[in-house]
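Here is what each chain is made of, one letter per residue.
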Amino acid sequence: MDMDFRTMLLAATAAITLAGAADAGPKPPPPDPAWQAECGACHLAYPPRFLSADSWRRVMAGLGDHFGTDASLEPAVARGITGWLVANARKPRAGRPEPVPPPLRITEARWFTAEHDELPASRFKSPAVGSAANCAACHRTADQGNFSERNLKVPLAGPAKE
Amino acid sequence: MTPAGRGAAFFRAKGAEWSCTTCHTADPRNPGRHVVTGKTIEPMAPAANPRRLTDAAKVEKWFRRNCRDVLDRECTAAEKADVVAYLRSVGR
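All values reported here derive from a predicted model rather than from experimental measurement. (Residues numbered from 1 in each chain as written. Chains lettered and ligands numbered in written order. Predicted model: local features only at pLDDT ≥ 70, side-chain atom pairs only at ≥ 80, totals over all residues. Heavy atoms only, no water.)

Engineer: Please set out the interface of chain A and chain B residue by residue, giving values where relevant.
Structural biologist: If you look at the interface, chain A gives twelve residues, while chain B gives eleven residues. Counting each side, the surface lost to burial between chain A and chain B is near 1000 Å², with a carbon and sulfur contribution of 44%. One can count four salt bridges joining chain A with chain B. Between Glu38(A) and Lys61(B) there is a salt bridge, with its nearest N and O atoms 2.7 Å apart. Linking chain A with chain B are ten residue pairs in polar contact (both at pLDDT 80 or more). In the side of chain A that touches chain B, the residues fall into four nonpolar, five polar and three charged. (Contact = heavy atoms within 4.5 Å. Buried area = accessible area lost by both parts, 1.4 Å probe. Salt bridge = Lys/Arg side-chain N within 4 Å of Asp/Glu carboxyl O. Polar contact = N/O pair within 3.5 Å; in protein donor to acceptor, adjacent residues only side chain to side chain. Nonpolar A, V, L, I, M, F, W, Y, C, P; charged D, E, K, R; others polar.)

In structure tokens form, the structure reads like this:
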């Protein structure tokens, strides 16, 4: 292709800028304090964009048996957190109907399996990771809501040192 | 038995699967560990963690959840009072 140097430089700059932007994604909302305190009490407070509104409603309606333990909240607190989760939930994709029933587990969401399809399931069960619910084992800035690939550090597959 | 003595026995008593010590360990001065998620739980004894037992709503919330998990029922007011007396007595 016949291109002068200036055009080539413009094209290269555009490509680098777009590549950086693709990593960032839309900016997450500022953390809701009740969500952070209550949903972060036992595990990482999973960001609202990780599940659809229907999934969040299902999770919040079943807190009495939340993956095997009672995580129940006072109704007013639960209502407030549900509202914030639903407002900041993952939007449905045009032309892709949401699964019915909506998944409770982030690890069963289509986007999650697509994002992690390079890893064998056994990698999530290594002693350093434990389970795919343990985002922070690899996503070192998960507690700040940052899941950027730049901050990924996957532990070695071998047994934990302790 | 004193309330703290009853509370200590209650704290160690096993339900269908778990006891309080399952997550909080047998010594409330130690940090514990969530049995499912592995998250560290700060010590329960106020002597080791002065913020414990200062927020009534928080105490009631965790009694509700954890008694249902351990015993499949709510704890009675007397049982809660015994556990509180026990936790306050540890490390003093």
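Engineer: Run through the nonpolar core, naming residues and quoting values.
Structural biologist: Formed by 26 residues in total, the largest nonpolar core has its most connected members in Trp35(A), Trp56(A), Met60(A), Ile81(A), Leu85(A) and Ile106(A). Elements with a contribution of two residues or more to this core: α2 (33-39), α3 (53-61), α4 (75-87) and α5 (110-115) of chain A. Ranked by size, the runner-up nonpolar core spans 15 residues in total, among them Met44(B), Leu53(B), Val59(B) and Leu87(B). (Core = buried A, V, L, I, M, F, W, Y, C linked by side-chain atoms within 4.5 Å. Buried < 20%, exposed > 50% of the residue type's maximum accessible area, 1.4 Å probe, protein only. Helix = DSSP H or I, 4+ residues; strand = E, 2+ residues; numbered from the N terminus.)

Engineer: Lay out the packing of α3(A) against α4(A) in plain terms, naming residues and giving numbers.
Structural biologist: All names here are of chain A. Where α3 contacts α4, the axes come no closer than 9 Å and their chain directions differ by 165°. Considering their axes alone, α3 and α4 lie roughly antiparallel with respect to each other. Crossing handedness for the pair α3 and α4: right-handed. Across the interface between the two elements, Ala53, Trp56, Arg57 and Met60 from α3 touch Ala78, Ile81, Thr82, Leu85 and Val86 from α4. Considered class by class, the residues forming the contact of α3 with α4 number seven nonpolar, one polar and one charged. (Axes fitted to C-alpha atoms, helices over the stretch in contact; angles between N-to-C directions. Parallel < 35°, antiparallel > 145°, perpendicular 65-115°, else oblique. Left-handed = near helix turned anticlockwise from the far one by under 90°.)

Engineer: Explain the state of the cysteines residue by residue, including any values.
Structural biologist: If you walk through the whole model with that rule in mind, you get one disulfide over all chains. Sulfur-sulfur distance for the disulfide between Cys67(B) and Cys75(B) comes to 2.0 Å. Its S-S torsion of about -95° marks the bond between Cys67(B) and Cys75(B) as left-handed, since a negative value means left-handed. Given a relative accessible area of 6%, Cys75(B) falls into the buried group. Cysteine Cys23(B) remains unbridged, with the sulfur of Cys42(A) as its closest cysteine sulfur at 8.6 Å. (Disulfide = S-S within 2.5 Å.)

Engineer: So what's going on with the environment of Pro48(A)? Residues and values would help.
Structural biologist: You can see Pro48(A) is positioned in the loop between α2 and α3. In this structure, Pro48(A) is in contact with Trp35(A), Trp56(A), Trp84(A), Leu85(A), Asn88(A), Ala89(A) and Arg90(A), ignoring residues within four places of it in sequence.

Engineer: A description of the confidence of the model for chain B should follow, citing residues and the corresponding values.
Structural biologist: Considering every residue of chain B, the mean pLDDT works out to 97; 100% of them sit at 70 or more. This prediction of the complex comes with two scores: 0.86 for pTM and 0.94 for ipTM. (pLDDT = per-residue confidence, 0-100.)

Engineer: An account of the packing of aromatic side chains is needed here, citing residue identities and associated values.
Structural biologist: For the coordinates displayed, the defined rule picks out five aromatic pairs over all chains. Judged by centre distance (4.9 Å) and plane angle (70°), the rings of Phe50(A) and Phe147(A) are edge-to-face. Within this pair, whereas Phe50(A) is found in the loop between α2 and α3, its partner Phe147(A) is found in the segment after α6 (121-124), the two being separated by 97 residues in sequence. Neither residue differs from the other here; Phe50(A) and Phe147(A) are each classed as buried. Ring centres of Phe11(B) and Tyr86(B) lie 5.4 Å apart, and the angle between their planes is 55°; this geometry places the pair in the tilted category. Of the two residues, Phe11(B) sits in helix α1 (residues 3-12) while Tyr86(B) sits in helix α4 (residues 77-89), which places them 75 residues apart along the sequence. The same class applies to Phe11(B) and to Tyr86(B), which are both buried. Through pairs of rings, three or more aromatic residues link up here, namely Phe50(A), Trp111(A), Phe112(A) and Phe147(A). (Phe/Tyr/Trp six-rings, centres within 6.5 Å; stacked < 30°, edge-to-face > 60°.)

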